[in-house]
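Examining the three-dimensional arrangement
One letter stands for each residue in the lines below.
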Amino acid sequence: METSGSLLRIGVVGFGHLGKYLVERILKDGAAVGLTLAFVWNRNSDKLKGLVPDELILGDLSCFADRPCDVIVEVCHPQIVKEFGLHFLSQSHFMVGSPSALADPDLNARLRQAAQQYGRTLYVPSGALWGGQDIQRLSDSGALKGNTGQKALFIRMSKHPSCFRLTGDVLSDWTEGEGMRVLFSGSVADLCPLAPNNVNTMAAAAVAAASLGFTGVQGEIVSDTALSDYHVVEVEVTGPNGFSVHTVRRNPARLGAVTGSATYNSFWSSLLACKGHGGRVYLC
Ligand SMILES: NC(=O)c1ccc[n+]([C@@H]2O[C@H](COP(=O)([O-])OP(=O)(O)OC[C@H]3O[C@@H](n4cnc5c(N)ncnc54)[C@H](O)[C@@H]3O)[C@@H](O)[C@H]2O)c1
């Protein structure tokens, strides 16, 4: 891989909560861990002024290839993955921060194909998913199969209602103290379009469980007014001969926060792993 000296050049696309966190961390700690910033893009570049050195601000995303870069990180919106994902992979490794975009089977196939064609890695950060590599190994060995009547892989995400960003209006009438409400239960493929900002963890699981895919992984989102301090992510895996795993992760999060605080650190660790893993999809 071509690098700037020995530093890996990172392009950051999006400057919301995650983008700002990653940019600040690269500027502060990057040199110590082998990373440098190549560019930062945000649809409103005024937000970057004073926080990102002027020479690193990219005004027009379609000119991203003018800035040599080793890894492009999308922390923006699934729409940007759709519009630019293939172009990014033609130039660099690509870490897709909004993997719910991969629920679109056509885009998913085209991104996998592009990774292979260009010999570049499509990185999917595990985010708030616990045990992603184990799920991937189980899937690769063909053992990710539920027993009769059981789901092979089921993920439930429970949050305070203020932490959900849904496309429909199923939660518009919530009241403090109402307790638990199951908002959706079904395949991750059907869930992603309803809650694209809330189900990236499930999307990462569906990428790990390639043998099941987005239609084969089951997900549930639950609104719970008791969860004012953290999000809960439960993963249930079942395999042959009575094999089963059930994990419960409590991710500290403020009221209204879509992203749990531990997920920021998880993203940083994921970025540190993006050193090139060939032309394939890689959960990091
Ligand atoms: N993989 C994971 O586990 C995980 C965890 C948290 C967030 N995410 C995803 O990462 C992305 C960023 O998260 P965040 O918490 O920083 O969000 P955020 O809302 O704080 O920031 C998003 C940024 O992207 C911009 N943006 C939004 N829609 C856009 C569009 N259509 N075109 C161009 N720019 C657009 C916004 O202006 C903002 O600057 C989101 O898609 C979110 O769903 C993934």
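Here the structure is a predicted model, which is why all the values come from computation and not from measurement.

Another aspect to go through is the domain arrangement of the protein. Where interface size is given, it is often the accessible area lost as the parts come together that is meant. For the protein, the assigned domains are domain 1 (8–128 + 264–283) and domain 2 (132–258). Tallying the contact residues gives 16 residues for domain 1 and 16 residues for domain 2. Where domain 1 abuts domain 2, roughly 1300 Å² becomes buried across the two surfaces, and 63% of that area is made up of carbon and sulfur atoms. Interface area lost by domain 1 to domain 2 is led by Ser100, Ala128 and Leu283, which between them contribute 48%. Here domain 1 is connected to domain 2 by zero salt bridges. Linking domain 1 with domain 2 are three residue pairs in polar contact (both at pLDDT 80 or more). Mapped by element, the contributors of at least two residues to the side of domain 1 that touches domain 2 are helix 3 (105–118) and strand 11 (281–283). Across the side of domain 1 that touches domain 2, the residue classes break down as nine nonpolar, six polar and one charged.

Here the focus is the UniProt feature "domain: Aspartate/homoserine dehydrogenase NAD-binding" (unreviewed entry) in the protein. Taking the numbering used here, the UniProt-annotated feature "domain: Aspartate/homoserine dehydrogenase NAD-binding" (unreviewed entry) corresponds to residues 14–125. As annotated, residues 14–125 has a helix share of 40% and a strand share of 16%, and its two end C-alpha atoms lie 16 Å apart.

Turning to the UniProt feature "domain: Aspartate dehydrogenase" (unreviewed entry) in the protein, a few remarks are in order. UniProt's feature table lists "domain: Aspartate dehydrogenase" (unreviewed entry) at residues 181–263, given in the numbering used throughout. Counted over residues 181–263, helix gives 28% and strand 39%. Its end C-alpha atoms are 24 Å apart.

What follows is about the pairing of strand 10 (residues 244–252). Direction of pairing for strand 9 (residues 230–238) relative to strand 10: antiparallel, over a ladder of nine bridges. The residue bridging Val233 from the neighbouring strand is Arg249, located in strand 10. Hairpin connection of strand 9 to strand 10: five residues between the antiparallel strands, including Asn241 at a positive phi of 55 degrees.

This part takes up helix 1 (residues 17–33). Of all the bends in helix 1, the largest measures some 55 degrees and sits at Leu27. Listed in full, the buried residues belonging to helix 1 are Leu18, Gly19, Leu22, Val23, Ile26 and Gly30. At its buried positions, helix 1 is contacted by strand 1 (8–13), strand 2 (35–41), strand 3 (71–74) and helix 8 (261–272). Two residues or fewer after helix 1 comes Gly34, characterised by a positive phi angle close to 90 degrees.

A few words on the sheet that holds strand 7 (residues 180–187). Reading across from one edge, 7-8-6-9-10 is the order of the five strands in this open sheet, with mixed pairing throughout. The open sheet is flanked by strand 7 and strand 10, the only strands paired with a single partner. Taken over all neighbouring pairs, the strand axes of this sheet differ in orientation by 15 degrees on average, direction set aside. Where strand 7 meets strand 8 (residues 218–224), seven bridges bridge the pair, whose relative direction is antiparallel. Note that in strand 8 the partner of Phe184 across the bridge is Ile221.

Bringing unusual backbone geometry into the picture now. Of note in the backbone geometry, Asn241 takes a positive phi value of approximately 55 degrees without being a glycine. One can find Asn241 in the loop between strand 9 and strand 10.

Right, let's talk about the pattern of salt bridges for a bit. Enumeration over the complete set of coordinates arrives at 10 salt bridges. Between Arg181 and Glu178 there is a salt bridge, with the nearest N and O atoms lying 3.2 Å from each other. According to the relative accessible area criterion, Arg181 is partly exposed, its value standing at 23%. What makes Glu178 partly exposed here is its relative accessible area of 30%. It is possible to trace a salt-bridge network through shared partners that takes in Arg25, Lys28 and Asp29.

Let us look at the site of the ligand. Lining the immediate surroundings of the ligand are 21 residues, of which His17, Leu18, Gly97, Ser98 and Asn200 lie closest. A distance of 3.2 Å separates a nitrogen atom of the ligand from a polar backbone atom of Gly97. Take Asn200: an N or O atom from its side chain is 2.8 Å from an oxygen atom of the ligand. Across the complex, the protein chains shield 81% of the 840 Å² of accessible surface that the ligand would expose by itself. Of all the secondary-structure elements, those providing two or more residues to the shell around the ligand are helix 1 and helix 8. For the shell around the ligand, the per-class residue count stands at eight nonpolar, 11 polar and two charged.

Basis of the calculations
- Throughout this description, residue numbers start from 1 for each chain and increase along the sequence as written.
- Two thresholds apply to this predicted model, a pLDDT of at least 70 for residue-level local features and 80 or more for giving and counting side-chain atom pairs, whereas whole-chain, interface and lining totals are computed over all residues.
- Working from all heavy atoms in the structure, the side-chain values ignore hydrogens and water.
- Start and end points for every domain follow an automatic or database-based domain assignment.
- Note on definitions: a residue-residue contact is assigned when non-hydrogen atoms from the two residues lie within 4.5 Å.
- Buried area is understood as the total, over both parts, of accessible area removed when two parts are fitted together, assessed with a 1.4 Å probe.
- We define a salt bridge as a side-chain nitrogen of Lys or Arg found within 4 Å of a carboxyl oxygen belonging to Asp or Glu.
- The term polar contact refers here to a pair of N or O atoms within 3.5 Å; inside protein, the definition further demands a hydrogen-donor-capable atom paired with an acceptor-capable atom, and it admits residues adjacent in sequence only when both atoms are side-chain atoms.
- Working definition: helices are DSSP H or I runs of at least four residues, strands are E runs of at least two. Numbering for both runs from the N terminus.
- Residues were grouped as follows: Ala, Val, Leu, Ile, Met, Phe, Trp, Tyr, Cys and Pro as nonpolar; Asp, Glu, Lys and Arg as charged; and all remaining residues, including Gly, as polar.
- UniProt positions are given in the numbering used here, feature names are shortened, and annotations may be inferred rather than shown by experiment.
- Criterion used throughout: strands pair if DSSP finds at least two bridges between them.
- Working definition for bend: take the seven residues up to and ending at a residue and the seven starting at it, fit an axis to each, and measure the angle between the axes.
- A simple rule labels every residue: compare its accessible area, found with a 1.4 Å probe on the protein chains alone, to the largest value its type can have, and call it buried under 20%, exposed over 50%, or partly exposed in between.
- To obtain an axis, a line is fitted to C-alpha atoms, over the contacting stretch when the element is a helix, and the angle between two such axes runs from 0 to 180 degrees between their N-to-C directions.
- A cutoff of 4 Å decides nearness: a residue is near a molecule or strand if any of its heavy atoms lies inside that distance of it.
- Accessible areas in this description were obtained via Shrake-Rupley with a 1.4 Å probe; residue shielding takes into account the shown protein chains only.

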